[in-house]
Amino acid sequence: MPAPLGLLAELTHRCPLRCPYCSNPLELVRAAQELDAATWGRIFAEAAELGVLQVHLSGGEPMARRDLPLILRHAVQAGLYTNLITSGVVADARRLAELVEGGLDHVQLSVQDALPGSADRIGGYAGGHARKLEFARAVRAAGLPLTLNAVVHRQNLDRLPALIDLALELGCGRMEVAHVQYYGWALRNRAALLPTRAQLDAATATVAEARERLRGRLVIDYVVPDYYAQRPKACMGGWGRQAIVVSPAGRALPCHAAEGLPGFTFPDLRHTSLREAWERSEAFTRFRGTGWMPEPCRSCDRREQDWGGCRCQAFALTGDAAATDPACALSPQHHLLDLAVQEAAEATDAFTWREMGRSPAPAG
Ligand code: SF4
Ligand code: FES
């Protein structure tokens with residue numbers, strides 16, 4: 001039985017931004033259903049006991065929780081390394097100071113683009129980019145390490161060199177160049193967001209050059225997106241192998257999108273211990289390891305490297321969460337990705353912003 005290393009605590013689904021690739025589920029948890037700070041405290045203590053080292057305080061926008069300093073204190077008391085994942089648009093200096101005093105270890109800030117006008121359009125929040133930069137400077141002034149998380153797609157990938165410059169200018173030690181994952185809202189907006197092959201090749205070359213030039217100054221995490229890869233990534237490091245996500249209402253999930261999969265009952269941590277959920281729940285064990293795999297995964301020599309790819313992508317594209325991830329060239333449904341690339345080549349840049357309480361119009 002592997003021990004989980006990280007806990008992603010989704011404190012709320014509330015968020016002032018409306019990104020068209022939002023990875024939160026289509027059915028969002030309302031504020032009244034959110035776990036209280038004391039319950040988060042119990043979960044953090046159980047996580048530490050289980051072997052978890054890091055907690056990512058995430059959302060939605062975790063700063064939307066007024067009791068965030070109290071929740072942070074519980075995580076610090078549990079002995080966890082604390083990382084705040086934020087959009088940075090609702091923070092102010094006083095609230096940041098409270099978190100710094102509370103023992104926050106690290107901040108991860110998302111940006112939508114390097115160009116303010118485009119960034120504000122993509123995030124659906126006027127003035128948001130300027131607020132992010134202000135927040136980033138306050139984080140660095142407070143002495144906290146900062147990671148810049150740039151979510152990239154067709155409409156901003158050409159600015160990757162400028163995004164890397166921005167990370168440097170803000171004093172980040174690490175940058176994540178994260179290609180959009182296409183399920184949920186992002187799947188409905190895929191034709192407007194999927195990059196071209198030429199864009200991808202240019203981005204990959206940009207990252208290679210920057211890694212060399214900035215060695216010792218900036219670490220850049222970058223993975224080639226599934227739609228142009230021959231083999232899938234080990235999503236979440238494998239189902240139920242490295243990480244636990246806890247939804248705002250207290251459901252333990254193997255990944256942040258798992259609630260979109262049918263036929264699952266995810267453990268309710270109001271009534272179930274984290275250890276019970278991790279070790280014995282059907283939800284965590286169903287796709288753990290290799291025993292569940294169909295061919296061609298079952299007899300493939302990469303099955304313990306990528307663990308069959310992403311279950312949520314398999315479901316989104318084939319309707320079967322147990323299918324081989326179509327991102328794999330060995331999947332009988334790999335052609336679905338080629339069709340998506342063709343569709344994107346003919347599409348405009350119009351997309352649908354994420355809205356609380358509303359599902360996007362059906363794709364196609
Ligand atoms: Fe991974 Fe399955 Fe493809 Fe092999 S066949 S590379 S295990 S997804
Ligand atoms: Fe759910 Fe990949 S996002 S398994």
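The following paragraphs examine the structure supplied in this document. (Residues numbered from 1 in each chain as written. Chains lettered and ligands numbered in written order. Predicted model: local features only at pLDDT ≥ 70, side-chain atom pairs only at ≥ 80, totals over all residues. Heavy atoms only, no water.)

The next point concerns the nonpolar core. Within the largest apolar cluster, 83 residues are counted, with the highest numbers of intra-cluster contacts made by L7, W40, F44, L57 and I244. Excluding its chain neighbours within four sequence positions, the residues that come into contact with I244 are P4, G6, L7, L8, L50, A252, L253, L274, W278 and F284. Grouped together as the second largest cluster of nonpolar side chains are 19 residues, V245, F266, C297 and C310 included. (Core = buried A, V, L, I, M, F, W, Y, C linked by side-chain atoms within 4.5 Å. Buried < 20%, exposed > 50% of the residue type's maximum accessible area, 1.4 Å probe, protein only. Contact = heavy atoms within 4.5 Å.)

For the rest of this paragraph, the subject is the pattern of salt bridges. The full count for this structure, using the stated rule, is 20 salt bridges. The salt bridge involving E98 is made with R94; its shortest N-O contact spans 3.5 Å. Of this pair, E98 and R94 both sit in helix α3 (residues 93–102), four residues apart, which is roughly one turn of that helix. Where E169 meets R137, a salt bridge forms, and the shortest distance between an N and an O atom there is 2.9 Å. Of this pair, E169 sits in helix α6 (residues 160–169) while R137 sits in helix α5 (residues 128–141), and the two are 32 residues apart along the sequence. (Salt bridge = Lys/Arg side-chain N within 4 Å of Asp/Glu carboxyl O. Helix = DSSP H or I, 4+ residues; strand = E, 2+ residues; numbered from the N terminus.)

With that out of the way, let us pick up the packing of aromatic side chains. Scanning the entire structure with this criterion turns up nine aromatic pairs. Judged by centre distance (5.5 Å) and plane angle (85 degrees), the ring pair of Y182 and Y227 falls under edge-to-face. With Y182 in the loop between β6 (174–179) and α7 (185–188) and Y227 in the loop between β7 (219–222) and β8 (243–246), the pair connects residues that are 45 residues apart, well separated along the chain. Y227 shares its class with Y182; the two are buried. The positively charged end of R18 is found above the aromatic ring belonging to W353, 5.2 Å away from the centroid. (Phe/Tyr/Trp six-rings, centres within 6.5 Å; stacked < 30°, edge-to-face > 60°. Lys NZ or Arg CZ within 6 Å of the ring centre and 35° of its normal.)

What follows concerns the environment of D268. Within the secondary structure, D268 is located in the loop between β9 (252–253) and α10 (274–280). We classify D268 as buried; its relative accessible area is 18%. Placed 120 residues apart in sequence, D268 and L148 show a C-alpha to C-alpha distance of 32 Å. In contact with D268, other than residues within four places in its own chain, are A249, G250 and R251.

Turning to the sheet that holds strand β5 (residues 146–152), a few remarks are in order. If you trace the nine strands from one edge of the open sheet to the other, you get β7-β6-β5-β4-β3-β2-β1-β8-β9, paired in mixed fashion. Pairing within the sheet leaves two strands with one partner each, and these edge strands are β7 and β9. In the sheet, β6 pairs with β7 via four bridges, with the strands oriented parallel. Considered in β7, the bridge of V177 is made with Y222. Sheet strands touched by helix α9 (residues 197–213): β6 and β7. Its angle to β7, the strand with the most contacts, is close to 155 degrees. (Pairing = 2+ DSSP bridges. Axes fitted to C-alpha atoms, helices over the stretch in contact; angles between N-to-C directions.)

Moving on, we get to the site of ligand 1. Around ligand 1, the neighbouring residues are R231, P232, P296, C297, C300, R302, R303, D306, G308, C328 and L330. Along the lines of polarity and charge, the residues of the shell around ligand 1 split into six nonpolar, one polar and four charged. (Near = heavy atom within 4 Å. Nonpolar A, V, L, I, M, F, W, Y, C, P; charged D, E, K, R; others polar.)

Our next topic: the packing of helix α2 (residues 68–77) against α3. Look at α2 against α3: their axes get within 9 Å of each other, and the N-to-C directions meet at 15 degrees. Taken together, α2 and α3 sit at an angle that is classed as roughly parallel. The way α2 lies across α3 gives a crossing that is right-handed. Within the contact between the two elements, α2 uses L68, P69, L72 and V76 and α3 uses R95, E98, L99 and G102. Split by residue class, the contact of α2 with α3 holds five nonpolar, one polar and two charged. (Parallel < 35°, antiparallel > 145°, perpendicular 65-115°, else oblique. Left-handed = near helix turned anticlockwise from the far one by under 90°.)

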